[in-house]
Each structure stands twice: as structure tokens, then as C-alpha cells.
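What follows is the residue order along each chain.
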Amino acid sequence: NDTMQIDYNDGVAAQNSTRDLTGSAVAPAVLTISETDPYSFGNLATGATVNHAFTITNTGTFQASAIVETGLGAPYQYFGGAYPGTGGDCGATLNGGASCTIVVEYASTVPGTYNDQIDYTYNDGVNVQNVTRDVTATAVTPASLSISESDPYDYGTLAVGATDNHVFTINNGGGFSATSV
């Protein structure tokens, strides 16, 4: 609280005009992105997709404004193709103490390790700030099972009631574990 005073001469005598002032100071906006840094989408078969919801929280008291996403390139994108991702609810502002969600999709078609960064700029009420979360994933070739022996495998001629056992070998020629369906 304070008082502003303007002293002036009105042409006849000295005068002054006052105005009481009041204001409140609050902590600037501070955005954080959930999950460990880097967040790992894990090992996935090429052609597979996985989505993950991240929470953005404003731990400050002032509203974060002019929130703009500046990162994410293939094979990462916002689920559905656009910020904040289908199912996400973040926008261009985030009130102090509030949270919102973004949904990031990982979908690789070529084996390899992929690193990227979720990257936002925003105004904290005083200055432009930046918040990031590194993301990583590894794409491997899908499981590809093969069974040993010729196709069809011929047990030969057996008498009715006789049995013959044969051991077949199953190989996974892919880079991803095969699981039951």
C-alpha cells in the first residue's frame, strides 16, 4: 500500500492531488512436466504405437501465459497430431497452482534409439521461461517366429497305435519378444 501525491500550482496557489495505491505481489509462474527425466517409452516393435499422458503443473501463484510447444519431431507427436493431444486439456494459459495434461504418442517404423524433448516456452508474469522433459524410446524389429524342419514335416509311415516323437525348434528372428495372444 502507498499513496501517490502530485504537487502542482493551479495558477493561484500550490496544490496537491493524492491517490491511494494498493497491490499484491505473488510468485511468478513455474511450470513443471511430470515423469522422470528422461522419460522412457521403452523398447517397442517397429510399427507399434504407445501413448503417454504427461501432467504440466504451475507451481507458482501467477498465471503462466503464452504457452507454446516448440519441440517434438518424428517418431514422436501429440496423439491425434496436434497439441495438447487427444485427451489432453492444456491450452495457452495455466493458472497458478493448476495442472493440465498433454498426450504424447511414440510410433516408429525404423529400428533405432530415438531421443527428443518436450519443450515449452511461457511467460511467468515477468520473463519468458522454458520447461523441458527429455523422452527416449528404442524401436526393434517385431518378433518373427520360425519352426524348424521342412514344411510339411513328414513323420513317415507308422502302424496304427504307434507313436513317434520329434523335437521342433522355434526361433525368434526378430528383436522383440513374442508373447501369447
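See above for the structure.
Now for a description of the structure that goes with this document.

Criteria and cut-off values
Residues numbered from 1 in each chain as written. Predicted model: local features only at pLDDT ≥ 70, side-chain atom pairs only at ≥ 80, totals over all residues. Heavy atoms only, no water. Disulfide = S-S within 2.5 Å. Helix = DSSP H or I, 4+ residues; strand = E, 2+ residues; numbered from the N terminus. Buried < 20%, exposed > 50% of the residue type's maximum accessible area, 1.4 Å probe, protein only. Contact = heavy atoms within 4.5 Å.

### Observations regarding the state of the cysteines
The tally for this structure, following the rule as stated, stands at one disulfide. The disulfide bridge from cysteine 90 ends at cysteine 100, spanning 1.9 Å between sulfur atoms. Between cysteine 90 and cysteine 100, the S-S torsion sits near 95 degrees, and that sign places the bridge as right-handed. One end of the pair, cysteine 90, is in the loop between β7 (76-78) and β8 (99-107); the other, cysteine 100, is in strand β8, and 10 residues separate them in sequence. Just as cysteine 90 is buried, cysteine 100 falls in that class too.

### Description of the environment of alanine 92
Assignment of secondary structure puts alanine 92 in the loop between β7 and β8. Accessibility expressed as a relative area gives 46% for alanine 92, which makes it partly exposed. In the structure, alanine 92 is positioned 27 residues away from serine 65 in sequence and 6.1 Å away in space, judged by C-alpha atoms. Leaving out residues up to four positions away in the same chain, alanine 92 has contacts with Ala64, Ser65, Ala66 and Ile67.

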